[in-house]
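Understanding the architecture of this molecule
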Amino acid sequence: MSERQKIDARGAFCPGPLMELIAALKLAQVGEEIEVLSSDKGSAADIPAWVAKVGHVHVGTTEQDGCWTIIVRKAK
Amino acid sequence: MSKRIVIVGGGLAGTIVANGVCRQLGNELRSGGVSVTMLGTSETHMYQPGLLYVPFGKIREAELFRDQRRVLDRRVNFMIDPAKKIDVDANQVETASGRIIGYDYLVLATGSRIMPQNIPGMTEAGHWFYDLDGARKLREALDNFTGGEVVVNVNAPHKCPVAPLEITFMLYEYFKAKGIGDKCKITYTYPIGRLHALEPVAHWAGPEFERYGIKSETFFNTESVDPAKKTIKSMEGVELPFDLLITIPPHAGAEVITDSDLGKGGWVPTNTRTLQREGSTNVFVCGDTTNIPISKAGSTAHFEADVLIDNLVSLVQEGRPAREYDGKVFCFVETGMNSGTYVWFNYTTPPNPGPPSQMIHWFKLAYNRLYWLSARGLL
């Protein structure tokens, strides 16, 4: 598997973590994983919900000191 | 030995850097201690935000363009010879004509471009205003439009993040003024779960949409367009009919970036503070070209360019960089044909737009001309 891509969207007000993830997924290969770092609690909920809706895989989410790490795998 | 500063790209970012460096390094340029070279793709410089007004006939096309040589400081060695391959290990750029240009400091300002062709059916059925040809075609389509379903469709990633909302409000007023407001139904689609990436802007836009009867479809990432059926479908499974489709197409960075293995999609991995390319100390990135997760906008390019000017000058004169970029972005937001507001933020300060007013709209109109002072490095 290729190296996991990391998007550090902490403190990113615009376009924000989910929009960055959407853009990155368009460039990723199927099976590739992307790790999004976010300081926005809303994104921690929105990202897994959106990922499930469009058929990618939410690998997991962890939270530490107000920073969420959300890992997503491109599935199609 | 002369320090060679090479700037790849002649858009706003590259132009501000070139002019700013020349203004501050007058002695070094005179003595031959420094040279500034720009590799551009066009003889003309376009004021891109002005494209928003073209479909409505609110700006003359000639107002969008200036001769790039006249915008640039005369001390810039400007070549219309696009970069074809950038070798950051050998510190050199190969151009389309076959020149090999060495550098001590490189600024990558290659910008972004629209990619409607990445969505099946979009080029056949969609209109856009992010380039002049598209804006002209949209103007013609609007002239001939007598009513129906209008879809304003936003795709990620895209530059000028408030333009989709601006055109939506302007369309509403345009249709109303044309006397066909009651025959036009506007639906705005957006990739994430609100009307705009900036939360306060989204909160402001929601009630405005309600007031104007503009419908919205959030979590809408375009999968395809069917030109025969005149429908647009999202990855999330929603299909919308349209009589007029106006898209903000997904963007990509420049081909030379991907051809040179400098970044996926044409976006160069960049340090968010120093604006150095990750892995390089003498390669800087400016404007849309970076992969920094902030707005791709003219103001971003401007504020980054100001930092790069200070750092390049300081590196040449003192051998050390001067300061860091704080993530500042400023955007005017046209809220109709006669009102506007603005929003600014940086890495640590969240956005907080004020109430729209006619005065801010006038200031935006004034900026449409003041832009040329910005590009020249005077504002």
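None of the values given here were measured: they were computed from a predicted structure.

Rules behind the numbers
- Residues numbered from 1 in each chain as written.
- Chains lettered and ligands numbered in written order.
- Predicted model: local features only at pLDDT ≥ 70, side-chain atom pairs only at ≥ 80, totals over all residues.
- Heavy atoms only, no water.
- Helix = DSSP H or I, 4+ residues; strand = E, 2+ residues; numbered from the N terminus.
- Rg over C-alpha atoms; globule rule 2.2 N^0.38 Å.
- Buried < 20%, exposed > 50% of the residue type's maximum accessible area, 1.4 Å probe, protein only.
- Contact = heavy atoms within 4.5 Å.
- Lys, Arg positive; Asp, Glu negative; His and termini not counted.
- Charge placed at Lys NZ, Arg CZ, Asp CG, Glu CD.
- Domains from an automatic or database assignment.
- Buried area = accessible area lost by both parts, 1.4 Å probe.
- Salt bridge = Lys/Arg side-chain N within 4 Å of Asp/Glu carboxyl O.
- Expected span 1.5 Å × (residues − 1).
- Arc of directions from axis to C-beta.
- Polar contact = N/O pair within 3.5 Å; in protein donor to acceptor, adjacent residues only side chain to side chain.

1. Concerning the overall build of chain B
Within chain B one finds 10 helices and 21 strands. In terms of overall dimensions, chain B is globule-like: its C-alpha atoms have a radius of gyration of 21 Å, near the 21 Å expected for 379 residues. The principal-axis extent of the C-alpha atoms belonging to chain B is close to 70 × 40 × 40 Å. Buried positions account for 56% of the 379 residues belonging to chain B. Contacts in chain B between residues at least 24 apart in sequence constitute 63% of all its contacts with a sequence separation of at least 6. Computed over 39 positive and 41 negative side-chain charges, the separation of the two mean positions in chain B equals 5 Å.

2. Side note on the environment of proline 356 of chain B
All names here are of chain B. Positionally, proline 356 belongs in the loop between strand 21 (340-345) and helix 10 (358-375). Spatially, the C-alpha atom of proline 356 lies 8.0 Å from that of tyrosine 342, the residues being 14 residues apart in sequence. Proline 356 has contacts with Trp204, Thr335, Ser339, Gly340 and Thr341, leaving out every residue within four places of it along the chain.

3. Brief notes about the domain arrangement of chain B
Residues and elements named next belong to chain B. For chain B, the assigned domains are domain 1 (3-111 + 254-329) and domain 2 (116-250). A C-alpha centroid distance of 32 Å is found between domain 1 and domain 2. Contacts between the two partners involve 15 residues from domain 1, matched on the other side by 20 residues from domain 2. With both sides pooled, the region where domain 1 packs onto domain 2 buries about 1,500 Å², and carbon together with sulfur makes up 71% of that total. For the pair domain 1 and domain 2, the interface holds 3 salt bridges. Here aspartate 288 makes a salt bridge to lysine 159, at a shortest N to O gap of 4.0 Å.

4. Considerations on helix 2 (residues 41-54) of chain A
Along an α-helix, a turn takes 3.6 residues, which lines up residues three or four apart on a common side. Residue and element names in this part refer to chain A. Taking 1.5 Å per residue as the helical rise, helix 2 with its 14 residues ought to reach 20 Å, and the 21 Å between its terminal C-alpha atoms agrees with that figure. Ser43, Ala44, Ile47, Pro48, Trp50, Val51 and Val54 are the residues of helix 2 that are buried. In an axial view of helix 2, the angular spread of the buried residues amounts to 165°, which keeps them on one side of the axis. The outward face of helix 2, more than 90 degrees from its buried face, is lined by the exposed residues Lys41 and Ala52. Taken together, the buried residues of helix 2 touch helix 1 (17-27), strand 2 (33-38), strand 3 (57-64) and strand 4 (67-73). By the N-cap criterion, in which a side-chain oxygen at the helix start approaches the backbone nitrogen of a residue two or three places on, helix 2 is capped by aspartate 40, the distance to glycine 42 being 3.2 Å. Of the residues flanking the end of helix 2, it is glycine 55, one or two places downstream, whose phi is positive at about 90°.

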